[in-house]
Amino acid sequence: QLRRQARERREYLQRRAREQQQQRQRERRESLRRALDENRLLPTELRREALALQKELEFDFEAPGGNSQDDEYRWAGLEPPKVMVTTSRDPSSRLRLFAKELCLLLPGARRMNRGRAELGALVGACRAAGVTDLLVLHETRGRPDGLTVSHLPHGPTAHFTLSGAVLRQEVGGLGGAPLAAPHLLLLRLDSTLGKRVGTILKHLFPVPRPDSRRVVTFANEDDVILVRNHVYRRRGRTVELEEVGPRFQLRPYLIRLGTLEQGDAADVEWRWHPYTATAPKRRLLSAT
């Protein structure tokens, strides 16, 4: 079992490295294409291989579904995801309630009591059960303040700061919890990092039916992702929205290529650097 996991991990890393190399080559071809279309000087780094890239352009075309997708999500959508939600050790009553409501937000998600289980045993049990994503909630003094999303079996693992958690009963005016798979709105997540974070979040949800009346929104505002859960009703030509909760905000600060139990041994794909001179001016999740 351990040898098979190690072999699958090596194969995954090789596929991932090959995909990144192909992506860099596509970006170079696209840069050459733009320079030729606009009739301007070629970029300095492309002048030596410009002729070879131009020959590749003759056979280059864009696939209908896009050029590429992340290797770890290439089979996503064929089957509904199996999501497991757990907490840090000795959770407070509010964190347990928030974990329960997070399972209502994610259709088909199941909650597991953490107990004294180590991360390695937890991830191993999830792999054996065919779980696709493991979510771990963290808190400080009874206030939920962290969310870790680990995609199984090979990663990635995204770490978010969680803030502004509002439970369903605190939203007010609610009926029963809607259990249908929601339509997703990803707003202003159009940079390279924003698309990566959007890919991690949207694959926690199954494919909705066309007649679903539920909408989950991930809206980026100043690199903070606002998460809202609504149901809508049509009344003539108007549409009425009703928020059903829970409501919270996410801010990514670390993405690793490995799974949760690997910790610092996994390669860092992206890390937030808040203490640089340009940090207050940058917008990481949106292109503008």
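Let me begin by describing the structure that accompanies this report.

Definitions and cut-offs
Residues numbered from 1 in each chain as written. Predicted model: local features only at pLDDT ≥ 70, side-chain atom pairs only at ≥ 80, totals over all residues. Heavy atoms only, no water. Helix = DSSP H or I, 4+ residues; strand = E, 2+ residues; numbered from the N terminus. Buried < 20%, exposed > 50% of the residue type's maximum accessible area, 1.4 Å probe, protein only. Phe/Tyr/Trp six-rings, centres within 6.5 Å; stacked < 30°, edge-to-face > 60°.

### Points about unusual backbone geometry
Inference 1: Note that the residue after Leu152, namely Pro153, is joined by a cis bond; omega there is 15°.
Inference 2: With respect to the helices and strands, Pro153 occurs in the loop between β4 (143–151) and β5 (157–166).
Inference 3: In this structure, the amide linkage connecting Gly245 to the following residue, Pro246, adopts the cis form with an omega of -5°.
Inference 4: Along the polypeptide, Pro246 turns up in the loop between β9 (238–243) and β10 (247–256).
Inference 5: Look at Arg188: it is not a glycine, yet its phi comes out positive at around 60°.
Inference 6: Relative to the helices and strands, Arg188 resides in the loop between β6 (183–187) and α6 (192–202).
Inference 7: Its identity is not glycine, yet Asp223 carries a phi of approximately 65°, on the positive side.
Inference 8: Mapped onto the secondary structure, Asp223 falls in the loop between β7 (214–221) and β8 (224–235).
Inference 9: Under the relative-accessibility criterion, Asp223 is labelled buried at 6%.

### Some thoughts on the packing of aromatic side chains
Inference 1: Going through the model one piece at a time under the given rule, you end up with two aromatic pairs.
Inference 2: Where Phe98 meets Phe248, the ring centres are 5.6 Å apart and the plane angle is 85°; that geometry is what we call edge-to-face. Of this pair, Phe98 sits in helix α3 (residues 93–105) while Phe248 sits in strand β10, and the two are 150 residues apart along the sequence. Pair check on accessibility: Phe98 and Phe248 agree, each one buried.
Inference 3: Each ring, one from Phe205 and one from Phe218, has its centre 6.1 Å from the other, and the planes form 70°; the classification is edge-to-face. With Phe205 in the loop between α6 and β7 and Phe218 in strand β7, this pair connects stretches of sequence that are 13 residues apart.
Inference 4: Relative accessible area serves as the criterion here: at 6%, Phe205 is assigned to the buried category.

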